[in-house]
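Single-letter residue listing:
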Amino acid sequence: PVTVRTSITSRYEMVYRSTTAQEQLALDAATAREADAALRPLQDASLGSLTVYVVPETSSLLPQGISVYVGKHRSALVRAGGGLAAFHTRLRQLTQVMSFTASSIAAALSDRVPNGQLSPDARRHLKSSLGYEITFSLLNPDPKSHTVDWDIEDAVNRYVQPVLDKLSLVANFSVDSQILYYAVLGVTPRFDKESSSFLLSAHSLPHVINPVEARLGSSAASLYPVLNFLLYVPERSHSPLYIQDKDGAPVSTNAFHSPRWGGIMVYNVEAPASPRASLPLHVDVDMVRVMEVFLAQLRLLFGLSREELPPEFLVESPGNEGLADWELDRLLWAHTVENIATVSTTLTSLAQLLGKIGNIVIKDDVASEVYRAVASAQNTMAELATGHLHSAFQASKEAVTSSERAFFDPSLLHLLYFPDDQKFAIYIPLFLPMAVPILLSLAKIVRETRQRKKEPTKMD
């Protein structure tokens, strides 16, 4: 458990140097975005490293009023000026943005932190796993009125796959899609006369998940966490359908997300111009608008939401890649620490199980997995202390794999072993009826032997 006594400290190794001729040429670009792209081949590409370029106070590279520019990769531009104290403050704020923070580590260890020490959004992130399954579902509750076509394969290749390629260092991903007919939300929306539309209030949104999840059927046979992204086309009798927030205002994206589960987007179909239009209406889904919402929800599920930044900060959008290189580093840091905590919990539970069952048999392969998990966890801590993020994360994955293999080994199933009191309770009713005549016969033999010794021996 993470308490006041157990805290995580951070240490930065800082190296100062002058810019090279190539870097100076890149910094002479017209915009900060062009400079960031030109500086990428000249930087240290190792995970977890940051390169900060200090530009003069009079430089036109940064826009007016902007002192810090955070690029898409592992570099930032900081405007000089204001003295060393102000510059040191900017550097500290920059490391809080681009590196891990106490709040991000606490969110990774959310299951071990008391409730009062966490923000409401700290437990919304997905738990660390070796793999994830992503399912895109199109829900058409009224196929008699709507024929919906969505080019999900092309949309996944264009928008989702670049993000998954970036996240391939974190875990393995599999993507599938499905179309469900006659699948309703399970919540009756409220009709609003003023807008002539149907509304879903914020307090009714949690009741949507269970009825819809019962139709998905993807998480039952999955070994890894499943991320569900649902596109719901309302039935004609409930169109148009809009989602309201807690204040009663309409949600601009007309979508909502559920922590550690996925997200749902309502896609309204325009009413036909003529009331006598033939049914079903053909609908082509605008996948660009849909994927923008789903990718934003995917970032929220992985805890990649942007924190509040000072007004003089400018953060470059990651573009089609979905996340910046420094955001990937933050995710790796959080998952590495979470993996260490998972290994510690798993091995502790295994030790407690073995302590309760005295006659349990531990095979050599189980013992070797335990030793391997401990060694990998120690290696992870050593690599983190030296700043080798990639090797530390790989070692933490090996530790999790070994600890789970040992914990879920079939030979360690506690139902295979019975406590002594249960053994007595089972076998005494069986052997007691047999033991009574045997004990009485033994007692009779003992009495006859004693009487025989007491009788005088006749002498001839």
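Residues numbered from 1 in each chain as written. Predicted model: local features only at pLDDT ≥ 70, side-chain atom pairs only at ≥ 80, totals over all residues. Heavy atoms only, no water.

Q: Hey, could you run me through the UniProt feature "transmembrane region" (unreviewed entry) in the chain in this one?
A: When the UniProt feature table is mapped onto this chain numbering, "transmembrane region" (unreviewed entry) sits at residues 424-446. As annotated, residues 424-446 comprises 100% helix and 0% strand, and the C-alpha atoms at either end are separated by 28 Å. (UniProt positions renumbered as here; feature names shortened; annotations may be inferred. Helix = DSSP H or I, 4+ residues; strand = E, 2+ residues; numbered from the N terminus.)

Q: I tried to follow the confidence of the model for the chain on my own but got confused; where do I start?
A: Where the model shows low pLDDT, its predicted coordinates should not be examined in detail. In the predicted model, the chain carries a mean pLDDT of 83, and the fraction of residues at 70 or more is 89%. Per-element averaging of pLDDT across the chain places helix H4 (residues 102-108) at the bottom with 72 and helix H10 (residues 389-407) at the top with 93. (pLDDT = per-residue confidence, 0-100.)

Q: What should I look at first to understand the nonpolar core in this one?
A: If you look at soluble globular proteins, the nonpolar side chains tend to sit buried side by side. Counting residues in each nonpolar core, the largest one holds 50 residues, and the members touching the most others are Phe 136, Leu 231, Met 291 and Phe 302. Broken down by secondary-structure element, the contributors of at least two residues to this core are strand E4 (131-140), helix H5 (152-166), strand E9 (226-232), helix H7 (287-301), helix H8 (325-356) and H10. Excluding anything up to four places from it in sequence, Phe 302 contacts Leu 126, Tyr 132, Leu 167, Phe 173, Leu 227 and Leu 331. Residues Ala 183, Val 208, Leu 230 and Ile 264 belong to the second largest nonpolar core, which totals 20 residues. (Core = buried A, V, L, I, M, F, W, Y, C linked by side-chain atoms within 4.5 Å. Buried < 20%, exposed > 50% of the residue type's maximum accessible area, 1.4 Å probe, protein only. Contact = heavy atoms within 4.5 Å.)

Q: What's the story with the packing of H5 against H7 in this structure? I'm lost.
A: Put simply, H5 and H7 touch, their axes get as near as 11 Å, and they point 35 degrees apart. For the element pair H5 and H7, the recorded crossing hand is right-handed. The segment H5 lies against H7, with Ile 152, Ala 155, Tyr 159, Val 160 and Val 163 engaging Met 287, Val 288, Met 291, Leu 295 and Leu 298. Of the residues belonging to the contact of H5 with H7, the class tally is 10 nonpolar, no polar and no charged. (Axes fitted to C-alpha atoms, helices over the stretch in contact; angles between N-to-C directions. Left-handed = near helix turned anticlockwise from the far one by under 90°. Nonpolar A, V, L, I, M, F, W, Y, C, P; charged D, E, K, R; others polar.)

Q: Could you clarify how one ought to interpret the sheet that holds strand E7 (residues 190-192) in this entry?
A: Hydrogen bonds between backbone atoms are what pair the strands of a sheet, whose relative direction is either parallel or antiparallel. With respect to topology, three strands assemble into an open sheet ordered E7-E8-E10, the strand pairing being mixed. The sheet is open, and its two edges are formed by E7 and strand E10 (241-243), each paired on a single side. Across the sheet, the axes of successive neighbouring strands diverge by a mean angle of 40 degrees, strand direction being ignored. One ladder, built from three bridges, connects strand E8 (residues 197-200) with E10; its direction is parallel. Looking at the pairing, Leu 199 lines up with Tyr 242 of E10. (Pairing = 2+ DSSP bridges.)

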